[in-house]
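In case you want the letters, here they are:
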Amino acid sequence: MIPFMMLACLVQAPETLDVTAVGKDPRWQVAGRKTGVIDTNGKHALRLVEAAPVVGLVWLKDYDFGNGTIEVDLLGRSQPVQGSFVGVAFHVADAQTYEAVYFRPFNFRATDSTRHSHAVQYVSHPAFPWQKLRSEHPGQYEKALIPEPDGDQWFHVRVVVERPQVSVFVNDARTPALVVNELSDRARGSVGLWVGDGSAGIFANLRVTRKP
């Protein structure tokens, strides 16, 4: 048996990645958005500003992440419908090549059952965007969130990557909201923050725990 202390050493300590340093620390790369640092709803946070209907991505240059855990606090908005897409990216190679888990806060408490089931989404760009996954694998790469968070308040996300499996936990849930197998052949890459389709997004308390 491997002694407990040796097991503990197999996982590195959590690292806090300072998202409020975006725009000051040159390691942070930005594509598709302007950024700003704000204090809102009790947190000191990074804001990605609304833009043309393209994806926005912020990632840390030369950061190496394979398996491990990504945690972050996210703030979107419940209105208008189709107006808020916020999430995290991992195994980032560049602005077009990454995996992501993102959320649609406007669907969190939707009364329409179809919209309600489209609350959390996995994608792998560029080969597997959400449109392709929804069309070819309905209900496999997106799910509802139960219990439903408030789409206008902070919610906490924990993404556990244990290749090939990705598990997504929201707030204090012990049961994952979404479990998928990765669709990318990239085993490593950077970690970042993601917004979609012209959306804004606010991010705080990004922490990463890497496994060797």
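Structure: above.
What you see is a predicted model, and the numbers here were worked out from it, not measured in a lab.

What counts and how
- Residues numbered from 1 in each chain as written.
- Predicted model: local features only at pLDDT ≥ 70, side-chain atom pairs only at ≥ 80, totals over all residues.
- Heavy atoms only, no water.
- Helix = DSSP H or I, 4+ residues; strand = E, 2+ residues; numbered from the N terminus.
- Rg over C-alpha atoms; globule rule 2.2 N^0.38 Å.
- Buried < 20%, exposed > 50% of the residue type's maximum accessible area, 1.4 Å probe, protein only.
- Contact = heavy atoms within 4.5 Å.
- Areas by Shrake-Rupley, 256 points an atom, 1.4 Å probe, with all protein chains shown as cover.
- Pairing = 2+ DSSP bridges.
- Salt bridge = Lys/Arg side-chain N within 4 Å of Asp/Glu carboxyl O.
- Phe/Tyr/Trp six-rings, centres within 6.5 Å; stacked < 30°, edge-to-face > 60°.
- Lys NZ or Arg CZ within 6 Å of the ring centre and 35° of its normal.

### Examining the overall build of the chain
- A tally of regular secondary structure across the chain gives three helices and 15 strands.
- A compact globule built from 212 residues should have a C-alpha radius of gyration of about 17 Å, and the chain, at 16 Å, falls within 12% of that.
- With respect to the principal axes defined by its C-alpha atoms, the chain has extents near 50 × 40 × 35 Å.
- For the chain, the residues scored as buried account for 49% of the 212 residues in total.
- For the chain, restricting intrachain contacts to residue pairs at least 6 apart in sequence, the fraction spanning at least 24 positions comes to 68%.
- A total of about 10200 Å² of accessible surface is found on the chain, and carbon and sulfur atoms cover 53% of it.

### Considerations on the sheet that holds strand 8 (residues 97-103)
- Strand order in the open sheet formed by seven strands is 2-5-14-7-8-9-10, with antiparallel pairing between adjacent strands. Across the chains shown, the open sheet's two edge strands, defined by having one partner strand only, are strand 2 (28-31) and strand 10 (142-143).
- As paired strands, strand 7 (residues 86-94) and strand 14 (residues 190-195) are joined by six bridges and run antiparallel to one another. In the strand pairing of strand 14, Val88 is matched with Leu193.

### Considerations on the pattern of salt bridges
- Evaluation of the coordinates by the stated rule reveals twelve salt bridges.
- Asp73 serves as the salt-bridge partner of Lys43, at 3.5 Å between the closest nitrogen and oxygen. One end of the pair, Lys43, is in strand 4 (residues 43-48); the other, Asp73, is in strand 6 (residues 67-75), with 30 residues separating them in the sequence.
- Classification of Lys43 as partly exposed rests on a relative accessible area of 25%.
- A salt bridge links Glu142 to Arg104, with the shortest nitrogen-to-oxygen separation between them at 3.0 Å.

### Thoughts on the packing of aromatic side chains
- As enumerated under the stated definition, the model contains six aromatic pairs in all.
- A ring pair is formed by Tyr102 and Trp194, whose centres lie 4.3 Å apart and whose planes are at 25°; its orientation type is stacked. Linking Tyr102 in strand 8 with Trp194 in strand 14, this pair joins segments that are 92 residues apart in sequence. Accessibility classification places Tyr102 together with Trp194 in one group, the buried group.
- Cluster of aromatic residues (ring-pair linked, three or more members): Phe85, Tyr102, Phe106 and Trp194.
- The ring of Trp130 is capped by Arg104, whose NZ or CZ atom sits 5.8 Å from the centre of that ring.
- Directly above the aromatic system of Phe169 lies the positively charged group of Arg158, at a separation of 4.2 Å from the ring centroid.

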